[in-house]
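# Breakdown of the fold
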Amino acid sequence: MRTVVVGNGMAAVRLVEGLVARGIGDITVIGDERHPPYNRILLSAVLEGTHRAEAITLRPEQWYADHGVDLRLGTRVVDIHRAQREVEIADRSRVAYDRLVLATGSIPTLPPIRGLVRVEGRLHEQVHAFRQLDDCLRLVAAVEDGAPRAVVVGGGLLGLQVARALAVRGVETEIVEGGDHLLRSQVDGAAGGVLRRSLERLGTRVYTGARAVRLTDEGLRLDNGVTLDTDLVVLTAGGRPSISLARRAALATRRGILVDGTLATSDPVVFAIGDCAEHGRTTGFVGPAWEQARVLADRLAGGSSAYTGHRTVARLRATDLEVAVLGDPEAGGAEDADVVQASNPMTGTHKKLVVRDGAIVAATLVGDLSQIGVITQYFDRRTVLGPREPAALVTPPRTGPAPETAASALPDEAEVCACAGVSAGRIRACSSIDEVRETTRATTGCGGCAPTVAALLGPVPSSVGS
Amino acid sequence: MTDTHCPYCSLQCGMTLLRRGRSVLEVAAREFPVNEGALCRKGWTSTGLRGSRERLTTPLVRSRETGEWSVLTWDEALDLVASRLAALREEHGADANAVFGGGGLTNEKAYQLGKFARVALGTSRIDYNGRWCMSSAATAANQAFGLDRGLPFPLADVEQAEVVVLVGSNLAETMPPAARHLDRLRARGGRVVVVDPRRTPTADHADVFLQPVPGTDLALALGLLHLVDASGAVDESYVATRTTGFDAVRSTAAAWWPERVERITGVAAADLRSLATVLTSSKRVVVLTARGAEQHADGTATVLAWIDLALALGLPGRPYAGYGCLTGQGNGQGGREHGQKADQLPGYRMIDDPDARAHVASVWGVPPESLPGKGLSAYELLSAIGTPLGPRSLLVFGSNPVVSAPNATAVASRLRALDLLVVCDLVMSETAALADVVLPVTQWAEETGTMTNLEGRVVLRQQAVTPPAGVRSDLEVIAALAVRLGAASTWSTDPEEVFAELGLASAGGRADYAGITYARIREEDGVFWPCPSPSHPGTPRMFALSFPTTDGRARFVPVSYDGPAEPLDGTFDVHLTTGRVLAQYQSGAQTRRIRDLPDDGPFVELHPLLAVRLGARDGEPVTVTTRRGSLTAPARVVGTIRPDTVFVPFHWVGANRLTSDALDPSSRMPEFKVCACAVTVPALVGAR
């Protein structure tokens, strides 16, 4: 039984790994990029220079060969012939399938900016998309060629990551966001404002409520009349599920390809996973894509897993800009939810927990992620918290007293040396460190109490006349 | 005045025992490279069992009808045990009898016990509590390096490192003198990293502290490897010339970016990045794992993930760098080398290797085909009791599984299903209390024998006092039973003679003791194995030039993360982890009977946020319930534990009634260190 996978992104590679692990053979993978699958969400890290481009490869071509998977890179599926159960490739050859998986991902939307596309249909040479590894490598090359200025169009997660990456590379960067604040699909205006201040402090100018309308030799003109003189324009203004293939094959689609809990489309032998699939909604995050890949691998191997949705945690990956968005903190219907928040634009922090029936159902964390390791655990596990906990989670923990003051404040019965079981009082009764060692054996174990013991013994008297 | 070593943990701290008058034995510190004169309170008070009124001094037999104990002479007891063993073998075959050993037994005893099982009983069924200690690290090290020696370098080497990473080790409490080496390292400008769900006293000796969710150390290691590779810090020439298999590991790590690791481990991506920077900016890094990382159903994979990281950084074999396991029990190392394990023969030989069988059989003077094959691992051995083909008798030496086994209620009920349970112990331990026959044996200062400490250094414990009248050594018990069973071979009761035989049996094996003698150990203050001949200096540092694999290279092993065997759910919504406290050791059979050591009983450590949620107060009882049992103990409310986790020490009956018996697929290690529990306050449950 042959399984054909259209697409070779993060969802597809996860699915193939799952199928291989379950002993399913006869798999063909058709990907339109020329690269073996890579970790797409790290492209901005490659741009930033913190990740080597080679280190983001998820599975080399050899892996596919080793596991008997027919991998076809740099080639496109142009049609699905459902009646014949065949896909047609760009060179007009056909591949038969018994089960077809669409993992076609999403494609970046081109904002309506005049001058973006050349007459021959190519992007203006200063303009860069940021979806594929080739886009990223081209942008890296432009930066390395010495482009001094860039404008990032789009103030979403990807836009901020790209802007920070360029800034870290020394490119003078500006952000243009059509909405009234940054990250507008994830966070509220207050959080967006904090982010804006933080970015500007890092040297990146932000234009919100402004649309880029035209690219000319003078630069990128905004609808507020400003023209930004720039060498590079990077488009990060969102994407949409890539569904044209599915639509031409008359599969049921809305924004994405409609799937049920078994990840089947309206054709029971055609499945869809990842950014192109719509299960209640489309997501665009790797977490749901991988969960769908796991469920589908199990089902194709005869299992009975079902996809029931997924909790997302959106994390910004950018140097000196800490943002996490759990679930959808700006979703409507907050009447039955409690919102606990603490915002401090002066320190660049904004923390907001949305709590329903004691459980954290959504959150925004900007600037201070010290509690993220606990908050995401509670969010993922739907832990029911006590009434005081949410507030404690958004208030930074207090720091303890300095050790010297701590020693003098110790009550006599407090244990100072755990290794030997010695109290502060017994140390105070000694006149020297030697006496402590001899009579109590404190400091003779792990040695960790030595500073406290020294403090309890008090300052060594200086000898007269020295 | 007798130079010896502490009876407890794997450091085997050097100490001197001084006689004061007829019966008083005092402990004095002694310079020994591991502890340099330091001891913890367990060591200082270690002579406290001497003269204990609880000490057993006569064989006892328990009536199954009345439950009453009666006294037997040694001959009566040994005749009884031997005849029952013979009868069970006659009726049900050799595998009807089983042996359960311990990682606290001397090398001589561990060796003799393995020989006794295979030669005198002819059973395949022997395993030991070390399976529940460091077996995951042992399995991983064998896979990666071709050899398992806890530390492949002397402990004091860590002082010369730049960075020491402790994964799941609370050595400041479990082996306090070891922490001195960390402080020296820091005084020299080095850095200490501690990874633990609890901010333990060991974290007080650390510069960097990471607090992951229990059971996620594997994901943490993958995340670090990811960052190391991403930043181009992989030691490519080391990987190319000294290892194999990196490509598969590398592409696995590509999927473990920091934010994904953060979501699983609860360690902020920024903290992971800082640690990666610490690792990649240092040449001499030592990675040490302990039970926190190892006692998991994916313990072997977890250790392999940390070894993969160490190999990618080019550490193993580099001076003052590498990977090591901090062994737990006193002879955890030697105890796993000489035939107590179900699948091994002396010298760390595998029992299914024909050459190994031939060699050992020739030393024992028996035909190789008479040696049984691979037996069952510890928990599987105990679980098989009461099944049609399971063991019908069990001889227990140096172990207390009623307290120390996972899912302990089930284990105790298995022990009750035996036809015959024989326990050799000093005191009436919880396991001895279930026995049919209890044989009182010598302890520590009353006998001589070798131990192999966490560094692979073979040390000598020397007899300092005469044992109480009526008590015999384990070697005497084994020999007496072997003779009564008409066993082939010879059965010395002299430790030095047994050690010499062990040397012959281990010769040519991975753990080769052939060149070690008592005289050399005394003279050199311990000898590191392998030491194949009298002229060989021993091997303090390993892997400098090659690894003991077929091609001399270390192996990268790709691993995947599946998470704990028992994830949290709506009912069992808190992680439970277990561990030790400073003043107690293992099942507490010894330490709980020493007056100078505080014995406050078990407690439940929990975070103030969780305490407030539950209405729990410090010092008042809380109940921890898992799918296997429940425990009520006083709450200890501390800000040093993760708020989603509670901790219970395992030295008392109760903790292991809670723990999970999910086993690691290769090491057969149970998942002691994480399971799902519910925490309630008993008073409130009644009030509502």
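Residues numbered from 1 in each chain as written. Chains lettered and ligands numbered in written order. Predicted model: local features only at pLDDT ≥ 70, side-chain atom pairs only at ≥ 80, totals over all residues. Heavy atoms only, no water.

With that settled, the discussion passes to the sheet that holds strand 9 (residues 127-129) of chain A. Residues and elements named next belong to chain A. The 5 strands lie next to each other as 9-16-10-11-12, forming an open sheet whose pairing is parallel. Edge positions in the open sheet fall to strand 9 and strand 12 (205-208), since each of these has one partner strand only. Each strand of the sheet is rotated relative to its neighbour by a mean of 20°, with strand direction disregarded. Relative to strand 16 (residues 232-235), strand 10 (residues 149-153) runs parallel, the two being bridged by 4 bridges. Paired with V152 across the strands is V234, a residue of strand 16. Across the sheet, helix 6 (residues 189-201) lies against strand 11 (172-177) and strand 12, angled at about 145° from strand 12, the strand it touches most. (Pairing = 2+ DSSP bridges. Helix = DSSP H or I, 4+ residues; strand = E, 2+ residues; numbered from the N terminus. Axes fitted to C-alpha atoms, helices over the stretch in contact; angles between N-to-C directions. Contact = heavy atoms within 4.5 Å.)

Our focus in this paragraph is the nonpolar core. The nonpolar side chains of soluble globular proteins are, as a tendency, buried together. In terms of nonpolar packing, the biggest core is built from 290 residues, with L102 of chain A together with F145 of chain B touching the most fellow members. The leading source of residues in this core is helix 13 (residues 299-312) of chain B, at 10 residues. In this structure, F145 of chain B is in contact with I307, L311, P316, Y323, F543, F547, P548, T549 and A554 of chain B, ignoring residues within four places of it in sequence. Counting residues in hydrophobic clusters, the runner-up holds 27 residues, among them L56, A98, L415 and A432 of chain B. (Core = buried A, V, L, I, M, F, W, Y, C linked by side-chain atoms within 4.5 Å. Buried < 20%, exposed > 50% of the residue type's maximum accessible area, 1.4 Å probe, protein only.)

The UniProt record marks residues 1-54 of chain B with the feature "domain: 4Fe-4S Mo/W bis-MGD-type" (unreviewed entry), using the residue numbering of this structure. A helix fraction of 7% and a strand fraction of 31% characterise residues 1-54 of chain B, whose end C-alpha atoms lie 26 Å from each other. (UniProt positions renumbered as here; feature names shortened; annotations may be inferred.)

Counting residues at the interface gives 53 residues for chain A, matched by 47 residues for chain B. The interface formed by chain A and chain B includes 6 salt bridges. Linking chain A with chain B are 19 residue pairs in polar contact (both at pLDDT 80 or more), by the criterion used here. Contributing elements (two or more residues each) for the side of chain A that touches chain B: helix 1 (10-21), helix 8 (286-300), strand 21 (313-315), helix 9 (372-381) and helix 10 (389-394) of chain A. Per-element tally for the side of chain A that touches chain B: the top contributor is helix 9 of chain A, with 9 residues. The class makeup of the residues in the side of chain A that touches chain B is 23 nonpolar, 17 polar and 13 charged. (Salt bridge = Lys/Arg side-chain N within 4 Å of Asp/Glu carboxyl O. Polar contact = N/O pair within 3.5 Å; in protein donor to acceptor, adjacent residues only side chain to side chain. Nonpolar A, V, L, I, M, F, W, Y, C, P; charged D, E, K, R; others polar.)

When the UniProt feature table is mapped onto this chain numbering, "domain: FAD/NAD(P)-binding" (unreviewed entry) sits at residues 2-280 of chain A. The distance separating the terminal C-alpha atoms of residues 2-280 of chain A is 29 Å; by composition the span is 24% helix and 26% strand.

Before going further, it helps to examine the domain arrangement of chain B. All names here are of chain B. Under the domain assignment used here, chain B contains domain 1 (60-132 + 331-528), domain 2 (135-325) and domain 3 (574-687). Its C-alpha centre places domain 2 at a distance of 27 Å from the equivalent point of domain 3. At the interface, 28 residues of domain 2 touch 23 residues of domain 3. Of the roughly 2000 Å² buried where domain 2 meets domain 3, counting both sides, 55% is carbon and sulfur surface. It is R198, Q295 and A297 in domain 2 that bury the most area against domain 3; as a group they hold 33% of the surface buried on that side. Along the contact surface separating domain 2 from domain 3 lie 1 salt bridge. (Domains from an automatic or database assignment. Buried area = accessible area lost by both parts, 1.4 Å probe.)

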